[in-house]
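# Structural overview for review
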Amino acid sequence: MRRREFITLVGGGAAAWPLVARAQRQPTDRVRRIGMLARSNRTDPLTQPQLVELLKAFEHLGWTRGHNLRIDYRWNAEDADVALAFAKELVSLTPDLIVVGSTLDLAAVLKETRAIPTVFVAITDPVGQGFVESLAHPGGNCTGNTDADSTMGAKYLELLKEIAPVGRVAFIFNPTTAPFGRTILRSIEAAAPSFAVTVTAAPVHDAASIEDTIVAFAREPGAGLIVAPDAFTFVHAELIVAQVTRHRLPAVYGLTDFAAFGGLVAYSPDSVELWRQASVYVDRILRGANPADLPVEQPTKFVLVINLKTAKALGLTLSPTLLARANEVIE
C-alpha cells in the first residue's frame, strides 16, 4: 500500500490549522454537550479512524472530553425507525449541538428539532433534499459539508471507462436512504453519450435486492457497475464487493472505504478532511455562531484508491497513467 505525501491526516501537524484560527480558539471550562448520531458502530475499523481524528480536532480547538466536553453517541446502521428513535433520545438530552453523518440520520434529527444547532458531515445535495435553503445561506438550524456535487456521476463513469471497455452501466443506489442518488444518476446519464454507454438505474432496498440486481446485470455483455456513496451501501459493502467480484464485474465505488473490502476502484472526498471541517463548525457554533450564517462547505480534497489485487483477480490491466493518479494503491 502506498500513499501520496499530500494526504495528511488531521492531527499530523499543527500546520494543518490556520494560524489565525488557532490564535482565536481559547479553551473554555464550561462543559458543553454534543449528541452524535453516527453510521455503523464505534469499533468499526473504517468508522473508528474518522472519530479518532474528530476527537483530535476537538482537542486542538480547546475541547476535551471529561473536561469541557461531553459526547453522547448513538449508532445507526441505516434503519429509519432506529434513526428516529435515536434522534428523539438525543433531542431529549437537550445537547448544545448535534452532529450527524448520514442523510437518513439528518432527516430524523430535523424531524425532531428545528432549534438545536446541527452539524452534518458528508451529506450529498443538502439543498435538493430540503435540509438547507442554499449552500451560501443555510437559513435554518443546520449546516456542515457535502461530499459530492452534480458532476460526480460523470467522474465515476470516466473512471469506469478507464478500467474496462464497458458498454452498459448500472448505477446501484437506495432511493430511500439516498434520495440524492437521482441527482448522481442524472449526471451519469448526461455523460453517457460521450462515453458510448447505456445507463440503467438499479435501485436496491435490502441484501436480497442487491444480490438479485448484481446477478441479473452480470448476464449483460460489457457490463459495469457504479455504486452510490451512501451509508446503506457502506453497511452492505462486504456483500456488494463479494457479489461484484464473484461475477467478475468492473466497478467504481463512491466511497473509498470499499477498497478495503476488495473494491476495484473507489473515488470520494477525503472523509477525514470532511470530519476536520465539521469540527471547526462545531467549535464556532459552541462559541456562539449561528448555523444559519455558516455556508455549507464543499469538498476540496478527493482520494482515488485502486485495489490492484482485485484488478489482477478480474484479469484487468490498469494503465500506468491511472495508477500514477491514485492516492493509494492496495497491492
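Residues numbered from 1 in each chain as written. Predicted model: local features only at pLDDT ≥ 70, side-chain atom pairs only at ≥ 80, totals over all residues. Heavy atoms only, no water.

## Details of the sheet that holds strand β3 (residues 69–76)
Pairing within the open sheet is parallel, and its 5 strands lie in the order β3-β2-β4-β5-β6. Among the strands making up the open sheet, the edge pair consists of β3 and β6 (142–144). Pairs of neighbouring strands in the sheet enclose a mean axial angle of 20 degrees, with direction left out of account. Sheet topology note: the strand β2 (residues 32–39)/strand β4 (residues 97–100) ladder contains 4 bridges and is parallel. Bridge assignment links Met 36 to a residue of β4, and that residue is Val 99. (Pairing = 2+ DSSP bridges. Helix = DSSP H or I, 4+ residues; strand = E, 2+ residues; numbered from the N terminus. Axes fitted to C-alpha atoms, helices over the stretch in contact; angles between N-to-C directions.)

## Observations regarding helix α2 (residues 48–60)
The terminal C-alpha atoms of α2 lie 18 Å apart, and with 13 residues this matches the ideal 18 Å at 1.5 Å per residue to within 8%. Among the residues making up α2, those that are buried are Gln 50, Leu 51, Glu 53, Leu 54, Leu 55, Ala 57 and Phe 58. Those residues of α2 that are buried are in contact with β2, β3, α10 (257–260) and α11 (271–286). With its phi angle positive at about 100 degrees, Gly 62 sits one or two positions after the end of α2. (Expected span 1.5 Å × (residues − 1). Buried < 20%, exposed > 50% of the residue type's maximum accessible area, 1.4 Å probe, protein only. Contact = heavy atoms within 4.5 Å.)

## Section: the environment of Ala 190
Looking at the element boundaries, Ala 190 is found in helix α6 (residues 181–195). Counting along the chain gives 37 residues from Ala 190 to Gly 153, while the straight-line C-alpha distance between them is 8.9 Å.

## Here we look at empty space enclosed by the protein
Under the counting rule described, the total for this entry stands at 2 cavities of 30 Å³ or more. Put simply, the largest cavity is a space of about 350 Å³. In terms of lining, the largest cavity is formed by 27 residues, of which the most central are Arg 39, Gly 101, Ala 122, Asp 147 and Leu 255. Put simply, the parts of the chain that give the lining of the largest cavity at least two residues each are β2, α2, β11 (265–269) and α11. Looking at the lining of the largest cavity element by element, the count peaks at 3 residues for α11. In terms of residue class, the lining of the largest cavity is made up of 12 nonpolar, 11 polar and 4 charged. The space that makes up the second largest cavity amounts to roughly 40 Å³. The wall of the second largest cavity is formed by Val 244, Thr 245, Leu 249, Ala 251, Tyr 253, Gly 262, Leu 264, Thr 310 and Leu 314. Looking at the lining of the second largest cavity, the elements that each hand over two or more residues are α9 (237–246) and β10 (251–253). Grouping the constituent residues of the lining of the second largest cavity by class yields 6 nonpolar, 3 polar and no charged. (1 Å grid on protein atoms, 1.4 Å probe; cavity = no way out; pocket = protein on both sides within 12 Å on 5 of 7 lines; lining within 4 Å. Points joined across faces, edges and corners; volume = space filled by probe spheres on them. Nonpolar A, V, L, I, M, F, W, Y, C, P; charged D, E, K, R; others polar.)

## Describing the pairing of β4
Burial along β4 is two-sided: Leu 97 and Val 99 and Ile 98 and Val 100, pointing in opposite directions, are all buried. Running through helix α4 (residues 103–112), the crossover from β4 to the neighbouring parallel element strand β5 (residues 118–120) is right-handed. (Right-handed = clockwise from strand over helix to strand, strands pointing away.)

## Considering the packing of α2 against α11
Packing of α2 against α11 brings their axes to within 9 Å, and their N-to-C directions diverge by 35 degrees. Of the two elements, α2 crosses α11, and the hand of that crossing is right-handed. Between α2 and α11, the residues in contact are Gln 50, Glu 53, Leu 54, Ala 57 and Phe 58 and Ser 271, Val 272, Trp 275, Ser 279 and Val 282, respectively. (Left-handed = near helix turned anticlockwise from the far one by under 90°.)

## Structural notes on the pattern of salt bridges
Per the counting criterion, the structure on display carries 10 salt bridges. The partner of Arg 74 in a salt bridge is Glu 89, with the nearest N and O atoms 2.8 Å apart. Of this pair, Arg 74 sits in strand β3 while Glu 89 is found in helix α3 (residues 80–92), placing the two residues 15 residues apart along the sequence. With a closest N to O distance of 3.2 Å, Arg 168 and Glu 220 form a salt bridge. A residue pair is termed long-range when its members are at least 10 positions apart, and Arg 168 in strand β7 (residues 168–173) and Glu 220 in the loop between α7 (207–218) and β9 (223–227) qualify at 52 residues. By relative accessible area, which is 27% here, Arg 168 ends up partly exposed. Among the residues examined, Glu 220 registers a relative accessible area of 32% and is labelled partly exposed. One salt-bridge network, in which partners are shared between bridges, spans Arg 33, Arg 70 and Asp 72. (Salt bridge = Lys/Arg side-chain N within 4 Å of Asp/Glu carboxyl O.)

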